[in-house]
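# Descriptive analysis of the structure
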Amino acid sequence: VFVAGAADVTTLGVPLGSGLTKAGAGTLVLDGDQANVGLLSVLAGTLRLNPGYAGGSNAYAFVAAAATLDLGGTSALALDDLTGSGTLDLGTDPGA
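Residues numbered from 1 in each chain as written. Predicted model: local features only at pLDDT ≥ 70, side-chain atom pairs only at ≥ 80, totals over all residues. Heavy atoms only, no water.

It is worth spelling out the pattern of salt bridges at this point. On inspection of all chains with the given rule, the structure shows 1 salt bridge. Across the pair Arg 48 and Asp 70 runs a salt bridge whose closest N-O atoms are separated by 3.1 Å. Residue Arg 48 is located in strand E5 (residues 45-49), and its partner Asp 70 is located in strand E7 (residues 67-70); the two are separated by 22 residues in the primary sequence. For Arg 48, a relative accessible area of 31% puts it in the partly exposed group. Overall, Asp 70 belongs to the buried group, its relative accessible area being 10%. (Salt bridge = Lys/Arg side-chain N within 4 Å of Asp/Glu carboxyl O. Helix = DSSP H or I, 4+ residues; strand = E, 2+ residues; numbered from the N terminus. Buried < 20%, exposed > 50% of the residue type's maximum accessible area, 1.4 Å probe, protein only.)

Inspection of the secondary structure assignment puts Ser 41 in strand E4 (residues 36-42). Setting aside residues up to four positions removed in sequence, Ser 41 forms contacts with Leu 20, Thr 21, Lys 22 and Phe 62. (Contact = heavy atoms within 4.5 Å.)

Another aspect to go through is a nonpolar patch on the surface. Residues Leu 39, Leu 43, Tyr 60 and Phe 62 make up a contiguous nonpolar surface patch of roughly 350 Å² in combined accessible area. Relative to the elements of secondary structure, Phe 62 occurs in strand E6 (residues 57-63). Exposure remark for Phe 62: the relative accessible area of 32% places this residue in the partly exposed category. (Patch = residues over 30% accessible without salt bridge, like charges linked within 9 Å, V, L, I, M, F, W, Y side chains within 5 Å. Areas by Shrake-Rupley, 256 points an atom, 1.4 Å probe, with all protein chains shown as cover.)

You can see Leu 30 is positioned in strand E3 (residues 27-30). Once the C-alpha coordinates of Leu 30 and Tyr 53 are considered, the two residues, 23 residues apart in sequence, prove to be 6.7 Å apart. Beyond its immediate chain neighbours, meaning those up to four positions away, Leu 30 contacts Leu 12, Leu 16, Leu 20, Leu 40, Leu 47, Arg 48, Leu 49, Asn 50 and Tyr 53.

Take the sheet that holds strand E1 (residues 9-12) next. The 5 strands are arranged E1-E3-E5-E7-E9 in an open sheet whose pairing can be described as parallel. Pairing within the sheet leaves two strands with one partner each, and these edge strands are E1 and strand E9 (87-89). Neighbour to neighbour, the strand axes of the sheet diverge by 15 degrees on average, direction disregarded. Here 4 bridges tie E3 to E5, and the two strands are oriented parallel to one another. Bridging across to E5, Leu 30 finds its partner in Leu 49. (Pairing = 2+ DSSP bridges. Axes fitted to C-alpha atoms, helices over the stretch in contact; angles between N-to-C directions.)

Shown next, in the form of structure tokens:
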């Protein structure tokens, strides 16, 4: 999924199935039930988990140097492996 501008935010609430590649300077927000996540590749910008995100298993994440994986304060994502030199932001749940 390509989210172009740094100020652009797009929300995705459909099941991923086998993974997702996030590109572009903007922010992609994951929401909804993700029973089987697969590989999350964050090449640029930010991939954020919505506090309502219901994570799954079999999750692997690669975060490139110019990218951020923002967990949004949720503990719903169980990562089996995290690689790359990007930023991991634990975030805070705005509803907490």
